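One letter stands for each residue in the lines below.
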Amino acid sequence: QLQASGGGLVQAGGSLRLSCAASERTFSSYYMAWFRQAPGKEREIVAAISRSGGAPYYRDSVKGRFTISDDNAKNTVYLQMDSLKPEDTAAYYCAARDRGYFGIPMRPNSYAYWGQGTLVTVSS
């Protein structure tokens with residue numbers, strides 16, 4: 001139901017755009033988010049949007065560098081990543097939640113639907 005793509009190898013300071021193609025049903029979910037997981041670390045939220053509107057959420061370390069957006073016509077959510085740093089290296093996952101929530105859900109177990117990971121490697 002979610003298909004992530006766009007990862008790759010990039011030098012520090014470079015850019016990548018991740019895409020998450022969803023089925024129409026999944027795309028109508030309340031929340032869409034991007035998580036990442038580096039080797040030996042827990043999965044952490046990177047950015048999230050409420051499909052009903054409101055400001056998107058970004059974790060502090062990516063604010064001003066990453067942008068989450070969606071395209072209704074394509075049932076796709078994007079994560080534009082600029083000024084990449086080696087510490088951004090991780091497997092990136094898109095996720096969807098189809099139930100309401102007060103605020104922005106940030107824990108992985110708050111999301112029922114997951115895409116496969118796409119690997120982002122940033123070299124120094």
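Residues numbered from 1 in each chain as written. Predicted model: local features only at pLDDT ≥ 70, side-chain atom pairs only at ≥ 80, totals over all residues. Heavy atoms only, no water.

Chemist: An account of the packing of aromatic side chains is requested, with residue identities and associated values reported.
Modeler: Both the distance between ring centres and the angle between the ring planes are used here to describe each pair of aromatic rings. For the structure shown, the criterion picks out four aromatic pairs. On the basis of an interplanar angle of 75 degrees and a centroid distance of 5.3 Å, the ring pair of F35 and Y111 is categorised as edge-to-face. Of this pair, F35 sits in strand β4 (residues 31-37) while Y111 sits in the loop between β9 (90-97) and β10 (113-114), placing them 76 residues apart in sequence. Plain terms: the ring middles of Y93 and W114 are 6.5 Å apart, the flat faces sit at 75 degrees to each other, and that makes the pair edge-to-face. Here W114 lies in strand β10 and Y93 lies in strand β9, a separation of 21 residues in the sequence. Note on Y93: relative accessible area 18%, which makes it buried. (Phe/Tyr/Trp six-rings, centres within 6.5 Å; stacked < 30°, edge-to-face > 60°. Helix = DSSP H or I, 4+ residues; strand = E, 2+ residues; numbered from the N terminus. Buried < 20%, exposed > 50% of the residue type's maximum accessible area, 1.4 Å probe, protein only.)

Chemist: Can you lay out the pairing of strand β11 (residues 118-123) for me, pointing to particular residues and giving the numbers?
Modeler: Alternating positions in β11 separate cleanly, T118, V120 and V122 being buried on one face and L119, T121 and S123 remaining unburied on the opposite face. Sheet topology places strand β2 (residues 8-11) next to β11; four bridges connect them, and they run parallel. Looking at β11, one finds that G8 is bridged to V120. In the sheet, β9 pairs with β11 via three bridges, with the strands oriented antiparallel. (Pairing = 2+ DSSP bridges.)

Chemist: Could you give an account of the side chain of S29, with specific residues and numbers?
Modeler: By the element assignment, S29 lies in the loop between α1 (24-27) and β4. For S29, the residues in contact, after removing those within four places along its chain, are R51, A96, R97 and D98. (Contact = heavy atoms within 4.5 Å.)

Chemist: Tell me what's going on with the sheet that holds strand β8 (residues 76-81), and back it up with residues and numbers.
Modeler: Ordered in space as β1-β3-β8-β7, the four strands form an open sheet in which the pairing is antiparallel. Of all the strands in the sheet, the pair left with one neighbour each is β1 (2-5) and β7 (66-71). Averaged over all pairs of adjacent strands, the angle between their axes in this sheet comes to 15 degrees, without regard to strand direction. Two strands pair when backbone bridges link them, and strand β3 (residues 16-22) and β8 are joined in this way by six bridges, in the antiparallel orientation. Looking at β8, one finds that S19 is bridged to Y78. (Axes fitted to C-alpha atoms, helices over the stretch in contact; angles between N-to-C directions.)

Chemist: Break down the nonpolar core for me, citing the residues and quoting the values.
Modeler: With 29 residues, the main nonpolar core has W34, L79, M81 and Y92 as its most contacted residues. Listed by contribution, the elements that provide at least two residues to this core are β1, β3, β4, β5 (44-50), β7, β8, β9 and β11. Setting aside chain neighbours within four positions, we find M81 in contact with G14, S15, L16, L18, R65, F66, Y92 and V120. Y31, I45, A48 and Y111 belong to the second largest nonpolar core, which has seven residues in total. (Core = buried A, V, L, I, M, F, W, Y, C linked by side-chain atoms within 4.5 Å.)

Chemist: Give a detailed account of the pairing of β7, specifying residues and quantitative values.
Modeler: Look at any regular strand and the pattern is simple: side chains alternate between the two faces of the sheet. Bridge count between β7 and β8: six bridges; the pairing is antiparallel. If you follow D70 over to β8, its bridge partner there is V77. Counting the residues in the hairpin turn of β7 and β8 gives four residues, including N75, whose phi is positive at 50 degrees.

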